[in-house]
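Report on the structure
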Amino acid sequence: MTLTDPTRPDHRPVTAGAPTVPVPDRAGRIETHGIDHIPDTERHGRPVELFWVWAGANVNYLSLVVGAALVLMGLSLPQALAVIVVGNLGWLLPGFLAVSGPAAGAPSAVITRAMYGIRGNRIYTAISGWVISVCYFALNLAAASVAAFALLERVGIEQDPLETVLVVVAIAAVTLAISVFGHATIVRLYLPITIALVAVFAVVGVSVLTVADFSYAPAEKLGGIELWATMAAGATLIASSPMSYTTSADFSRYLPRTSSPVAVAGWTALGGFLPSVLVCSIGALAATAVDMSDPQGALQQILPGVVTPVFLLALVLGTVTVNALTAYSAGLALQAVGVRISRSRSVLLDGAASVGLTLYGLLISTFLDTVSSVLQLTVVLLGPSMAIYVADILVRRNAYDGIALSDESRSSRFWFRGGFAPAGTIALLAGVAAAALCVDTVYTGPVAALTGLDLTLPVGMAVAAAVHVTLSRRRATR
């Protein structure tokens, strides 16, 4: 049953039985807002807070692995470092998307109704916002568990099925606790967490610098089209991380409407860019000295013995910070799909699905390997969807009405045609189709076979943005 609460400034609909006045968003309290509009009276904070949120999520093990992978792919050290910088420029896009949060007072999963329509957005969000997020959560949870197993082995505890279950559940519980408490708690915690992680990775960086071979060059130098193809693949690999964060408005929507868009975009982008570049570079430098095909084992050869346990603990903590953001956004996505439960319960449901997937992969099958391969293809969807979001902000001049976007009825102005927005839907299908022709990872598409290059990201994004802008302007003209 839906009612209208006259005590709220925006008179937005609320579900019967829910609290009529949400508890203010404060650290240490469970956040009561979900995908509903955040009124101006409850906005708070400054854009600089976004730096710590995104920095805390990017001082992590994955960045080390990806940086090392560039050297293992056959690039020289200067080439790998150049690819790291270029690929991480992708963080400019999540930064730009974040400006829609203060404008709408709504999360990304609601704002995208303006692009795909009410029904179209449910389908899009179910895939990009929930399924993909749960899979990433499971893979990250498995990686954190491996680091925790290594830490336990150092104190004489051998891994067995029971220990596996306990470790996975314990890490997931800490992660989900942060996500359940929500926005204010994340903002408060991520500053000290970032400082702690930076301190540990600084020690790792110093240790790597003492052994790194700055004159490193691969035994067989790449050249011509092969070199460009490898660098393009490396840049796509690096950029796939920022491309997965089409949800940056989730963490900026509590900022006052008057917040500077430049500051919102800048602090978000910088929070992702700086730590990603630095940690990826440490991984690349390490690969010049040791075999980083087993990063965790290789780095333990470099690190002083007393630092190794702290490093393993930092790997777990870094993964928790990433997954806490993932679970938070996945919970909002589940609500936007149409599941009528509170945000905190939706987060727990996401966590349960991820834990089940992780345990199945670790104990029963190699299913997580399959999931990892499939996720390599997510750039086919996430690249075009990122481009459509950016294009829509430009076309609408960031004028999003959060209250109107909250209306899911047939009378909503975002119902469009049968619940689908033609411009966004066609643009997404066109962008995905174009990107799929350019893939050169799990399979080789015809464009990749012809050119020898993986142009998935630039082609998919260019086609999607061009189609969306063209169709949106035609609709506006009519």
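This is a predicted model, so every value here is computed, not measured.

1. Looking at the confidence of the model for the protein chain
Looking at the protein chain, pLDDT values average 90 and 92% of them are 70 or higher. Across residues 1-20, confidence stays below pLDDT 50; counting only partners more than four residues off in sequence or on other chains, it has 32 contacts.

2. Quick look at a nonpolar patch on the surface
Taken together, the side chains of Val85, Val86, Leu89 and Leu92 make up a nonpolar region of the molecular surface, amounting to roughly 350 Å² of accessible area. Tracing the backbone through its elements, the reader meets Val86 in helix 3 (residues 77-88).

3. Some thoughts on the pattern of salt bridges
Counted according to the given criterion, the structure contains 9 salt bridges. For the salt bridge of Arg122 with Glu408, the shortest nitrogen-to-oxygen distance reads 2.8 Å. Of the two residues, Arg122 sits in helix 8 (residues 118-153) while Glu408 sits in the loop between helix 18 (402-405) and helix 19 (422-436), which places them 286 residues apart along the sequence. Classification of Arg122 by relative accessible area gives partly exposed; the value is 26%. Owing to a relative accessible area of 17%, Glu408 belongs among the buried residues under this scheme. Put simply, Glu408 and Arg340 hold a salt bridge, and the shortest N to O gap is 3.5 Å. Of this pair, Glu408 sits in the loop between helix 18 and helix 19 while Arg340 sits in the loop between helix 14 (308-337) and helix 15 (343-364), and the two are 68 residues apart along the sequence. Connected via shared salt-bridge partners are Arg113, Arg122, Arg340 and Glu408.

4. Re the packing of helix 10 (residues 183-211) against helix 14
The N-to-C vectors of helix 10 and helix 14 enclose an angle of 150 degrees; their axes lie 10 Å apart at closest approach. On the basis of the axis angle, helix 10 is roughly antiparallel to helix 14. Like other packed secondary-structure pairs, helix 10 and helix 14 cross with a definite hand, here left-handed. Mapping the contact onto sequence places His183, Ile186, Tyr190, Ile193, Leu197, Val200, Phe201 and Val204 in helix 10 and Val310, Phe311, Ala314, Leu315, Leu317, Gly318, Val320, Thr321, Ala324, Leu325 and Tyr328 in helix 14. Of the residues that constitute the contact of helix 10 with helix 14, the class distribution is 16 nonpolar, 3 polar and no charged.

5. Structural notes on the environment of Leu428
Mapped onto the fold, Leu428 is located in helix 19. Judged by its relative accessible area of 12%, Leu428 is buried. Linking Leu428 and Gly460, residues 32 residues apart in sequence, is a C-alpha distance of 9.0 Å. Each residue touching Leu428, except ones within four places of it in the same chain, is listed here: Tyr116, Tyr124, Leu381, Pro384, Ser385 and Ile388.

6. Comments concerning the packing of helix 10 against helix 12 (residues 261-287)
Across the interface, helix 10 lies against helix 12 with an axial gap of 9 Å and an inter-helix angle of 30 degrees. In terms of orientation, helix 10 and helix 12 fall into the roughly parallel class. With respect to the hand of their crossing, helix 10 and helix 12 are arranged in left-handed fashion. Where helix 10 approaches helix 12, its residues Phe201, Val204, Gly205, Val208 and Leu209 are matched on the opposing element by Val279, Ile282, Leu285 and Ala286. Within the contact of helix 10 with helix 12, the residues separate by chemical class into 8 nonpolar, 1 polar and no charged.

7. Concerning helix 2 (residues 61-72)
Relative to the 16 Å expected for 12 residues at 1.5 Å per residue, helix 2 spans 17 Å between its end C-alpha atoms, a close match to the ideal helical length. Considered for burial, the residues of helix 2 that qualify are Tyr61, Ser63, Leu64, Val66, Gly67, Ala68, Leu70 and Val71. Buried residues belonging to helix 2 abut helix 3, helix 10, helix 11 (224-243), helix 12, helix 13 (295-302) and helix 14. In this structure Asn60 caps helix 2, since a side-chain oxygen of it lies 3.2 Å from the backbone nitrogen of Leu62.

The rules we used
The numbers attached to residues start from 1 for each chain and follow its sequence in the written order. Thresholds applied to this predicted model are a pLDDT of at least 70 for local features of residues and 80 or more for the giving and counting of side-chain atom pairs; totals over whole chains, interfaces and linings are not thresholded and use all residues. In computing side-chain properties, one takes all heavy atoms of the structure into account and sets aside hydrogens as well as water. The predictor reports its confidence for every residue as pLDDT, a score running from 0 up to 100. By definition, residues are in contact when any of their heavy atoms lie within 4.5 Å. Surface patches are defined over residues having more than 30% relative accessible area and no salt bridge, joining like charges when they lie within 9 Å and nonpolar side chains (Val, Leu, Ile, Met, Phe, Trp, Tyr) when within 5 Å. Using a 1.4 Å probe, accessible areas were evaluated by the Shrake-Rupley method; residue-level cover was limited to the displayed protein chains. Any carboxyl oxygen of Asp or Glu within 4 Å of a side-chain nitrogen of Lys or Arg constitutes a salt bridge here. A run of DSSP states H or I qualifies as a helix once it reaches four residues; a run of E qualifies as a strand once it reaches two. Both are numbered from the N-terminal end. Exposure is judged per residue with a 1.4 Å probe applied to protein chains only, and the accessible area is read against the type maximum: over 50% gives exposed, under 20% gives buried, and values in between give partly exposed. Angles here are taken between N-to-C directions and fall from 0 to 180 degrees, while the axes themselves are lines fitted to C-alpha atoms, restricted in helices to the stretch in contact. By definition in this entry, angles of less than 35 degrees are roughly parallel, angles greater than 145 are roughly antiparallel, angles of 65 to 115 are roughly perpendicular, and the rest are oblique. Should the near helix be turned anticlockwise from the far one by less than a right angle, the crossing is termed left-handed; should it be turned clockwise, right-handed. Amino acid classes used here: Ala, Val, Leu, Ile, Met, Phe, Trp, Tyr, Cys and Pro are nonpolar; Asp, Glu, Lys and Arg are charged; the rest, including Gly, are polar. In this scheme, a helix's expected span is set at 1.5 Å multiplied by one less than its residue total. Here a polar contact is recorded for every N or O atom pair within 3.5 Å, except that within protein the pair must consist of a potential hydrogen donor and a potential acceptor, and residues adjacent in sequence are included only if both atoms are side-chain atoms.

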